[in-house]
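Now for the letters of each chain:
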Amino acid sequence: MRLILLGAPGSGKGTQSQKLVERYAVPQISTGDLLRDARERGTPLGLKAQAAMDAGKLVEDAIVLGIIRERLAQPDTAQGFILDGFPRNQAQADALGAMLMEIGQPIDAVVLMQVDGDVLFRRLTGRRSCKECGRIFNIYTAPPGTAPHCDRCNDRPVLVQRPDDREEVIDNRLKVYAKQTQPLIEYYEKLGLLRRVDAEGGVDEVFARIERVLSAPNKHSRIS
Ligand code: AP5
């Protein structure tokens, strides 16, 4: 299974990717996670990406494409992958198409996660992660104390907020999404790959919709 999860910041791409990883046994490739990891390790690439990330802007295409090319060359992608947060503009989509054609691994579907602006804002301002175990919480919808049990932090999470989840940066991320990423909806629709999913509601509910839309025969299907 080779999937792209397309959607605004906070639409649940990361959350649903993790469930898809379990379901299809293919890796999640999140450009956001790869860039954050490079930044935390203080690599030249991570330091170069930092300013754009903190301002809620897109990191230069050359950096992101280099990361993706390297990641797709790893053997665990042979059976497929879930692209989370990539591509994010026309140039990235074109480059991805060319890369996948080269390795003979075309995309099966692009899942568009549709969530209303107010809900996105609440999800992002409420997101926290545990410094110790990395688990993602949400102070509104999934606060500490909810299952599963964590051996690493012993259910005592030290909560931190992503620097780009501050209100002023969220505004910018949503504007960047509207201007640069939203045009990809039409791009993938024209290629017959787009599947629209109502991504509001509980995590399991949204996952069930994604599964339904992926098994639906109609390429232009919409599940809500
Ligand atoms: P990235 O890390 O990709 O962030 P994003 O796209 O802004 O997406 P988020 O991670 O904020 O949201 P999500 O859709 O994954 O939602 P999540 O599941 O976490 O990118 C960060 C930055 O890196 C960019 O701004 C840019 O600078 C750079 N970058 C990355 N990729 C790039 C690229 N290709 N090109 C250039 N630059 C790039 O959920 C959010 C919250 O909601 C969580 O708290 C979660 O628990 C909660 N939640 C999720 N689903 C539900 C639900 N169904 N019900 C209730 N709560 C829910």
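Provided above is the structure to which this section pertains.
This is a predicted model, so every value here is computed, not measured.

A few words on the site of the ligand. The immediate surroundings of the ligand are formed by 34 residues, with Thr15, Lys57, Arg88, Arg127 and Arg173 found nearest. Within the side chain of threonine 31, an N or O atom sits 2.8 Å from a nitrogen atom of the ligand. Contacts to the ligand include arginine 36, whose side-chain N or O atom sits 2.9 Å from an oxygen atom. When isolated, the ligand has an accessible area of 1000 Å², and the protein chains bury 94% of it. Counting only elements with at least two residues in the shell around the ligand, the list comes to α1 (13-24), α2 (31-40), α6 (117-126) and β6 (136-138). Ranked by residue count, the leading element in the shell around the ligand is α2, at 4 residues.

To continue, consider the nonpolar core. Formed by 48 residues in total, the largest nonpolar core has its most connected members in Leu83 and Tyr188. Residue contributions to this core peak at 6 residues, all from helix α4 (residues 61-72). Not counting residues within four places of it along the chain, the set of residues in contact with tyrosine 188 comprises Ile4, Pro87, Ala93, Leu96, Val110, Leu193 and Leu194. Counting residues in each nonpolar core, the second largest holds 5 residues, with Cys130, Cys133, Cys150 and Cys153 among its members.

Right, let's get into the packing of helix α5 (residues 90-102) against helix α8 (residues 183-190). Their axes nearest at 10 Å, the elements α5 and α8 cross at an angle of 30°. One way to sum up the angle between α5 and α8 is to call them roughly parallel. For the pair formed by α5 and α8, the contact residues are Gln90, Ala93, Asp94 and Leu96 on the first element and Leu184, Tyr187 and Tyr188 on the second.

Cut-off values and rules
- Residues numbered from 1 in each chain as written.
- Predicted model: local features only at pLDDT ≥ 70, side-chain atom pairs only at ≥ 80, totals over all residues.
- Heavy atoms only, no water.
- Near = heavy atom within 4 Å.
- Polar contact = N/O pair within 3.5 Å; in protein donor to acceptor, adjacent residues only side chain to side chain.
- Areas by Shrake-Rupley, 256 points an atom, 1.4 Å probe, with all protein chains shown as cover.
- Helix = DSSP H or I, 4+ residues; strand = E, 2+ residues; numbered from the N terminus.
- Core = buried A, V, L, I, M, F, W, Y, C linked by side-chain atoms within 4.5 Å.
- Buried < 20%, exposed > 50% of the residue type's maximum accessible area, 1.4 Å probe, protein only.
- Contact = heavy atoms within 4.5 Å.
- Axes fitted to C-alpha atoms, helices over the stretch in contact; angles between N-to-C directions.
- Parallel < 35°, antiparallel > 145°, perpendicular 65-115°, else oblique.

Interpretation in functional terms is not warranted from these geometric data alone.
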